[in-house]
Amino acid sequence: MGAIIYIMDDINYRGGAHVATLLQAQYLLRAAVAPVTVITLVPPQADVAVALAGAKIITPETVGVDEKLAVHPDKLRAALLSTVAAEDVVCVPFENSAFRAQVAQLRCKQKIQ
């Protein structure tokens, strides 16, 4: 099985669904069901990084996005999503996600939107 990938525009936002998503990711990490990855436009704050210890967190900085690409939102999101493999399960828990349209075009094992 591939990774379980959560797509979160801002990993540090503290809304109800975000909190629930982080708790779910923590559970999956403890249960060691599959590797957990979070793709986010914003690097995690220290407390979030600690809460998701063991998860792979992909941000524009971790994929080497330069300033030229950063000003093109669609290209930036595409660069982040290029890390998704065919065997991965992708979860977009927020209906207003900036990634929603691009995730719909992904080829992966399963998409949960």
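Rules used throughout
Note on numbering: residues in each chain are counted from 1, in written sequence order. Only residues with pLDDT of at least 70 get local features here, since the model is predicted, and only at 80 or more are side-chain atom pairs given and counted; chain-wide, interface and lining totals rely on the full set of residues. As a convention, hydrogens and water are excluded, and side-chain values are obtained from all of the structure's heavy atoms. The quantity known as pLDDT measures the predictor's confidence residue by residue, on a range of 0 to 100. For the purposes of this entry, the term helix denotes a DSSP run of H or I that reaches at least four residues, the term strand denotes a run of E that reaches at least two, and both are numbered from the N terminus. Should DSSP find at least two bridges between two strands, the strands are regarded as paired. Here the axes come from fitting lines to C-alpha atoms, over the contacting stretch only for helices, and the angles between their N-to-C directions go from 0 to 180 degrees. Should any heavy atoms of two residues lie within 4.5 Å, those residues are considered in contact.

**Q** Any chance you could explain the confidence of the model for the chain here in plain terms?
**A** Do not read the predicted coordinates in detail wherever pLDDT is low. Mean pLDDT over the chain: 83, with 94% of residues reaching 70 or higher. Looking over the chain, one finds the lowest element-wise mean pLDDT in helix H3 (residues 67–70), namely 65, and the highest in helix H2 (residues 46–51), namely 93.

**Q** What exactly am I supposed to notice about the sheet that holds strand S3 (residues 56–58) here?
**A** The strands that make up a sheet are held in pairs by hydrogen bonds between backbone atoms, and each pair lies either parallel or antiparallel. As summarised here, the arrangement of the 5 strands in space is S3-S2-S1-S4-S5, forming an open sheet in which the pairing is parallel. With partners counted over all chains shown, the strands left at the sheet margins are S3 and strand S5 (110–112), one partner each. Between one strand axis and the next, the sheet turns by 20 degrees as a mean value, whatever way the strands run. Note: strand S1 (residues 4–8) against strand S4 (residues 89–91), 3 bridges, orientation parallel. Looking at the pairing, Ile 4 lines up with Val 89 of S4. With respect to the sheet, helix H1 (residues 16–31) is in contact with S1 and strand S2 (36–40), its orientation differing from that of S1 by roughly 160 degrees.

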